[in-house]
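# Summary of the model geometry
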Amino acid sequence: MRKLSCLTAGNKKHYWLMVLPALFWMFCINIAPIGGVIMAFEDFNPGLGLFKSPWIGLENFKYMFQLKDVRQILGNTFLIAFCKIIGNLIVPVVFALLLNEVKNMVFKRTTQTIVYLPHFLSWVALGGMLMEIFGYYGPINMLLSGLGFDRMLFFQEGGLFRGLIIGSDIWKGFGFNAIVYLAALTGISQDLYEAAAIDGAGKWQRMLHITLPGIKGTIILMTVLGLGNILNAGFDQIYNLYNPAVYSAADIIDTWVYRAGLVDMQFSLASAVGLLKSVVGFTTISVSYLIAYKFAGYRIF
Amino acid sequence: MIEKKTFSSRLVYGLILAVITVSALSCLLPLLYTLAVSLSSKSAVAAGKVAFVPVGFTFKYYQEIMKDAQFLNSFLISVKRVVLSTAISLTVLIMAAYPLAKSARQFPARNIILWLCIFCMMFSGGLIPWYMTMKRYGLINNIFGLAVSGGLPVFNLILFVNFFQSISKELEEAAIVDGAGPWRILVSIIVPVSKPIIATVALFTIVAQWNEFFHGYILSTNLSHYPLQSYIKQMVVQIDYSTVTEDQLKHLDNLSNTALNSAKIFISMIPVLLIYPFLQKYFVSGIMLGSVKE
């Protein structure tokens, strides 16, 4: 071993050379913009630039909380993200439990192939499809009116639109999100089931006392990690589906920051809201990782 | 295992199969519907006759798209972007992951670099400062800008680091004794045994870059620089439902060419559908490496 460490003694400078491109990329695109957050404390004027624009301290933040818009987007963000987190937890668990009962391998494989697919399709394409399917003349409304019901205005009524947003997000990911639970389920020893069957435990009891405890750890871990994303309500999805009629129900922090900043050119205000989101989001994600590490031994690397 | 086949247990099993079948169909039918609409005549689509089989079968819309220079241009931009970004990220990530997979004794800066990466994954300056920075770099209307705009793919870096750490140390030690330096070891030992993880990350990158539309949209000043997804996004007509009446809605519906849009949407999904079989082979192991570790 001593000889080995002699042979690798000069390696450190090569190691630095190897990480250099990654550090450069990270510095330019990820880190450099962080300096730009001082915009949030200025009355930023693109003509004057970052260093000459007048400094106004916390004015943007005070103004922000007086805006009805901002209170609304905070409420929408929490509500939509929370419903998505809950749905993205329950549906994949239930689906994995059901799929685990299937004994026909061909059926199981085929199902898995199909349900993983939506995760890999873009919200642009899925958004276009959803707009057709749930649109005024789409098949859903054709069916409803054919059966004598009123058409449902999914893209006009806030409540319906929110339901569509949450539902379609869960639909897109349930198969993919079930993968970790399916893996946890295969880890449960078959001996346990056989022993329980001999003891006279029914299917339901085995589910309650063997299967669920067996994947409890994974469920808790995924919940904790999911809750860290309470401020991420899904920009790509909402941006591709919403329109001004449903802003009051589905405008979220990210979509608002985009419109206020890059459409209405209110750079400072939009940066302030964006910064607030980044800081709070960083805190919630860090705390969730910390909890996951403390209680489940979860490590990133 | 001995199982009594009672009526109720068979009923429950049947119900389970039914629920699974319905959820699988819910993932498949929207795609079939879009495909069927794109192959149907306009009158059949307008009359709402199309379900999952084309009515009045026609290739007209696909032929029309093939003549649409803007669509083809955007398609090409997307292909270039995918190739460029996959080449850049694989090269950069593999190079960086090798030293970062070393112990802190062999490469003392490892921990601080990794924590810096994690920090960048969880914290950002926000959209506006990022956009201003990209603008200052001159990365507007720039294919290279699109390829790197997402920043360092930290999640994929971690996948590589975790995989490299699991490679047997004896393999490397034998090469060191034979006089191979770190670059030689990386190229001739590490890369050849890391094919599964390279495939996983390559496929993740291809799909993510192909599907990305927002950077493509805000980092381009006009249509001729849009990648395909951004082009599709602006093409799906934006209707402001808060100001239209029901009559106008019907009129708008006739104007927007549902069948043509469906054809464009379907073509935009084809590359992902084509690589999906390969993707499926690798992503399960990829996620397990990334999320659950011993």
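Definitions and cut-offs
Residues numbered from 1 in each chain as written. Chains lettered and ligands numbered in written order. Predicted model: local features only at pLDDT ≥ 70, side-chain atom pairs only at ≥ 80, totals over all residues. Heavy atoms only, no water. Contact = heavy atoms within 4.5 Å. Buried area = accessible area lost by both parts, 1.4 Å probe. Salt bridge = Lys/Arg side-chain N within 4 Å of Asp/Glu carboxyl O. Polar contact = N/O pair within 3.5 Å; in protein donor to acceptor, adjacent residues only side chain to side chain. Helix = DSSP H or I, 4+ residues; strand = E, 2+ residues; numbered from the N terminus. pLDDT = per-residue confidence, 0-100. Buried < 20%, exposed > 50% of the residue type's maximum accessible area, 1.4 Å probe, protein only. Core = buried A, V, L, I, M, F, W, Y, C linked by side-chain atoms within 4.5 Å. Domains from an automatic or database assignment. Expected span 1.5 Å × (residues − 1). Arc of directions from axis to C-beta. Axes fitted to C-alpha atoms, helices over the stretch in contact; angles between N-to-C directions. Left-handed = near helix turned anticlockwise from the far one by under 90°. Nonpolar A, V, L, I, M, F, W, Y, C, P; charged D, E, K, R; others polar.

## Quick word on the interface of chain B and chain A
- Of the residues lining the interface, 110 residues belong to chain B; the matching set on chain A comes to 99 residues.
- Together chain B and chain A conceal approximately 9300 Å² of surface at their shared face, both sides included; 77% is due to carbon and sulfur atoms.
- Across the contact surface, chain B and chain A share 0 salt bridges.
- Joining chain B to chain A, the criterion identifies 14 residue pairs in polar contact (both at pLDDT 80 or more).
- Among the elements that line the side of chain B that touches chain A, the one with the most residues is helix H15 (residues 258-291) of chain B, at 17 residues.

## Some thoughts on the confidence of the model for chain B
Residues and elements named next belong to chain B.
- Confidence along chain B averages 87 in pLDDT terms, with 88% of residues attaining 70 or more.
- Of all the helices and strands in chain B, helix H14 (residues 246-255) carries the lowest mean pLDDT, 58, while helix H4 (residues 69-100) carries the highest, 96.
- Low pLDDT, under 50, characterises residues 290-294; the stretch is placed with 8 contacts to residues that sit more than four places away or in other chains.

## Observations concerning unusual backbone geometry
- Of note, the phi angle at A:Met265 is positive, near 60 degrees, even though the residue is not glycine.
- Along the chain, the position of A:Met265 falls in the loop between helix H13 (253-263) and helix H14 (267-296).
- A positive phi is found at B:Asn141, a non-glycine position, where the angle reads about 55 degrees.
- Relative to the elements of secondary structure, B:Asn141 occurs in the loop between helix H6 (127-136) and helix H7 (143-148).

## Structural notes on the environment of A:Ser168
All names here are of chain A.
- Tracing the backbone shows serine 168 in helix H8 (residues 158-186).
- Assessed through its relative accessible area of 5%, serine 168 is described here as buried.
- Residues serine 168 and lysine 84 lie 84 residues apart in sequence; the distance between their C-alpha atoms is 9.7 Å.
- Contact partners of serine 168, with chain neighbours within four places excluded, come to Trp123, Leu130 and Gln237.

## Quick word on the nonpolar core
- Ranked by internal contacts, the top residues of the largest apolar core, which has 191 residues, are B:Leu152, B:Phe160 and B:Phe164.
- For this core, the leading source of residues is H8(A), giving 15 residues.
- A domain split of this core shows at least three residues from each of domain 1 (7-47) and domain 2 (59-291) of chain B.
- When sequence neighbours within four positions are dropped, the list of residues in contact with B:Leu152 reads A:Ala22, A:Trp25, A:Met26, A:Asn30, B:Val92, B:Leu93, B:Cys117 and B:Leu157.

## Some points on helix H10 (residues 182-193) of chain B
- With 12 residues, H10(B) ought to run about 16 Å at 1.5 Å a step, and its terminal C-alpha atoms sit 16 Å apart, in line with that.
- Listed as buried for H10(B) are B:Pro182, B:Ile185, B:Leu186, B:Ile189 and B:Ile190. What you see down the axis of H10(B) is that its buried residues fit within an arc of 125 degrees, all on one side. Across from the buried face of H10(B), at angles greater than 90 degrees, the exposed residues are B:Arg184 and B:Val187.
- Buried residues belonging to H10(B) abut helix H2 (12-35) of chain A together with H4, helix H8 (154-166) and helix H9 (169-177) of chain B.

## A short note on the packing of helix H5 (residues 110-122) of chain B against H8(B)
Residues and elements named next belong to chain B.
- Close contact between H5 and H8 brings their axes to 9 Å; oriented N to C, the two are set at 145 degrees. Judged by the twist between their axes, the crossing of H5 over H8 is left-handed. Mapping the contact onto sequence places Arg110, Leu114, Cys117, Ile118 and Met121 in H5 and Val154, Phe155, Leu157, Ile158, Val161 and Gln165 in H8.
- In terms of residue class, the contact of H5 with H8 is made up of 9 nonpolar, 1 polar and 1 charged.

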